[in-house]
Amino acid sequence: MTTETLTPPRRISFATTDPVEARDFLDRAYGGQLQVRGTPDTDWRVSTSQVDAGVFSSAVVQVPADLTFDMVRRGDLVINALLTGGLRFDHRKGSDRFGPGDVCLANHPGSDGVARSHEVQLRAVTLCQTVITDVAGGVAVGRVEAAQFLSLAPVAGGAAQWRAASRFVDDLLGEPDATTSPLLLGPAARLLAATALTVFPNTVVPPPAPADSIDAHPGTLRRAIAFIDANCDRDIGLGDIARAAHVTPRAVQSAFRRHLDTTPTAYLRQVRLAQAHRQLRDATAGDGTTVTAVAARWGFTPSRFSRHHRAAYGVPPSSTLRA
């Protein structure tokens with residue numbers, strides 16, 4: 001995933017009581033084509049409050065009526081966390097029902113069938129195929145495109161894991177000073193994609209291979225570290241590191257765990273923290289440097305930056321800046 005696929009978050013609000021407008025909006029945003037067969041029996045209004053960051057978006061959607069949608073095949077992945085009401089999906093394999101507190105796939109490249117909503121309010125996260133491909137790192141694009149999600153429901157414990165990840169990203173998007181940094185938005189997108197691939201059964205991520213353990217040697221570690229050190233100011237993820245080291249993501253993870261007792265992402269965070277500390281230390285009075293700006297520049301929210309800086313250097317970032 002490149003920074004060109006990320007955009008500064010845009011806040012979008014939409015509401016309509018017009019079935020045609022609702023159908024067009026839902027099709028564009030979530031891949032659900034509203035079936036309009038006359039005026040519903042009850043008053044209804046489709047509304048959404050959305051934050052769109054390009055390769056991913058997060059929205060609260062409210063459909064206070066009983067409506068029917070045709071699901072369509074498209075590259076985007078839509079994951080719903082239900083707040084109120086209910087959803088029913090009728091498809092070739094049968095029927096799935098979801099209620100308040102449940103998490104489910106609403107749309108994916110293999111979507112088919114019909115969805116029915118009942119007085120529903122939900123949080124919908126949309127992920128573009130590019131970020132899914134990036135997180136699957138090292139898997140051929142063709143294989144990712146051909147992959148199928150095997151269940152609309154997550155594995156046991158998956159709903160709580162998904163809600164925690166999406167809540168973290170929503171909190172991040174709520175910090176206006178931080179969301180202009182691709183070093184924050186890129187990892188946020190990859191976190192959502194990795195969580196989706198973890199909690200929903202799928203054929204995207206290949207099983208571990210014996211070569212992964214063999215490739216976790218010091219040479220792999222050296223190539224990965226050299227790439228991270230040279231590119232820490234760019235939005236890079238595990239897939240990029242693995243491609244630079246010419247091995248699979250699992251081999252990179254094993255190399256860091258075996259030889260440094262850490263992870264590639266933790267090492268990347270350590271390198272960026274050192275760069276941020278150096279920038280604070282080298283700042284001069286009146287040059288406009290702020291702790292918040294430096295934190296965002298190197299991929300930290302202010303609170304996380306303060307916590308990591310204090311743990312590494314024994315003082316808060318503000319002390320280093322004043323010194």
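For clarity, every value in this text was computed on a predicted model and none was experimentally measured.

For the rest of this paragraph, the subject is the nonpolar core. Within the largest apolar cluster, 57 residues are counted, with the highest numbers of intra-cluster contacts made by Tyr30, Phe56, Leu77, Ile79, Phe89 and Leu127. Ranked by the residues each element gives to this core, the list is headed by helix H5 (residues 182-199), at 9 residues. Excluding anything up to four places from it in sequence, Phe56 contacts Val51, Thr126, Leu127, Val169, Leu173, Leu185, Ala188, Ala189 and Leu192. Grouped together as the second largest cluster of nonpolar side chains are 28 residues, Ala216, Ala242, Ala251 and Val271 included.

Counting across every chain of the model gives 2 cavities of 30 Å³ or more. Considering only enclosed or pocket space, the largest cavity measures out at about 260 Å³ in volume. Lining the largest cavity we find 18 residues, and of these Leu26, Tyr30, Phe69, Asn80 and Ala106 sit closest to its centre. Of all the secondary structure elements, the ones that give two or more residues to the lining of the largest cavity are helix H1 (19-30), strand E4 (56-71), strand E5 (77-91), strand E7 (103-107) and strand E8 (114-127).

What follows concerns the environment of Lys93. With respect to the secondary-structure elements, Lys93 resides in the loop between E5 and strand E6 (94-98). Between the C-alpha atoms of Lys93 and Ser151, which are 58 residues apart in sequence, the distance is 9.9 Å.

This part is about helix H10 (residues 264-282). Along its 19 residues, H10 runs 27 Å from first to last C-alpha, staying within 8% of the 27 Å computed at 1.5 Å per residue. What H10 keeps buried is the set Pro264, Ala266, Tyr267, Leu268, Val271, Arg272, Leu273, Ala276, His277 and Leu280.

Moving on: the packing of helix H7 (residues 218-231) against helix H8 (residues 238-245). Contact geometry of H7 with H8 gives a least axis separation of 8 Å together with a crossing angle of 125°. Classified by the angle between their axes, H7 and H8 sit oblique to one another. Crossing of H7 against H8: the hand is right-handed. Contacts from Thr220, Arg223, Ala224, Phe227 and Ile228 of H7 reach H8 at Asp240, Ile241, Ala244 and Ala245.

We now examine the pattern of salt bridges. Opposite charge on two side chains permits them to pair, given that their charged atoms come into close proximity. On inspection of all chains with the given rule, the structure shows 7 salt bridges. A salt bridge links Arg88 to Asp90; its shortest N-O distance comes to 2.9 Å. Arg88 gets classed as partly exposed once you look at its relative accessible area, which sits at 25%. A relative accessible area of 22% means that Asp90 is categorised as partly exposed. For Asp170, the salt bridge goes to Arg123, with nearest N and O atoms at 3.1 Å. Placement of Asp170 in helix H4 (residues 158-173) and of Arg123 in strand E8 is noted, with a sequence separation of 47 residues between them. Within this structure, Arg88, Asp90 and Arg116 form a network of salt bridges that share partners.

To continue, consider the confidence of the model for the protein chain. In this model, the protein chain carries a mean pLDDT of 84, and residues with pLDDT of at least 70 account for 85%. Below pLDDT 50 for its whole length, residues 138-146 participates in 13 contacts with residues either more than four positions away or in separate chains.

The next thing to look at is the packing of aromatic side chains. Applying the stated criterion to the full structure yields 4 aromatic pairs. Their ring planes at 70° and their centres at 6.0 Å tell us that Phe89 and Phe98 sit as a pair that is edge-to-face. In this pair, the class of Phe89 matches that of Phe98, namely buried. Plain terms: the ring middles of Phe300 and Phe305 are 5.5 Å apart, the flat faces sit at 40° to each other, and that makes the pair tilted. Take Phe300 and Phe305: they sit in the same class, and that class is buried.

This paragraph deals with the pairing of strand E3 (residues 46-52). Taking burial as the measure, the 7 residues of E3 include 6 buried ones, the bulk of the element. In the sheet, strand E1 (residues 10-16) pairs with E3 via 7 bridges, with the strands oriented antiparallel. By the bridge assignment for E3, Ser13 is matched with Ser49. With 6 bridges joining them, E3 and E4 adopt antiparallel strand pairing. Bridged to Asp52 within E4 is Ser57. Connecting the antiparallel pair E3 and E4 is a turn made up of 3 residues, with Gly54 showing a positive phi of about 95°.

Cut-offs applied
Residues numbered from 1 in each chain as written. Predicted model: local features only at pLDDT ≥ 70, side-chain atom pairs only at ≥ 80, totals over all residues. Heavy atoms only, no water. Core = buried A, V, L, I, M, F, W, Y, C linked by side-chain atoms within 4.5 Å. Buried < 20%, exposed > 50% of the residue type's maximum accessible area, 1.4 Å probe, protein only. Helix = DSSP H or I, 4+ residues; strand = E, 2+ residues; numbered from the N terminus. Contact = heavy atoms within 4.5 Å. 1 Å grid on protein atoms, 1.4 Å probe; cavity = no way out; pocket = protein on both sides within 12 Å on 5 of 7 lines; lining within 4 Å. Points joined across faces, edges and corners; volume = space filled by probe spheres on them. Expected span 1.5 Å × (residues − 1). Axes fitted to C-alpha atoms, helices over the stretch in contact; angles between N-to-C directions. Parallel < 35°, antiparallel > 145°, perpendicular 65-115°, else oblique. Left-handed = near helix turned anticlockwise from the far one by under 90°. Salt bridge = Lys/Arg side-chain N within 4 Å of Asp/Glu carboxyl O. pLDDT = per-residue confidence, 0-100. Phe/Tyr/Trp six-rings, centres within 6.5 Å; stacked < 30°, edge-to-face > 60°. Pairing = 2+ DSSP bridges.

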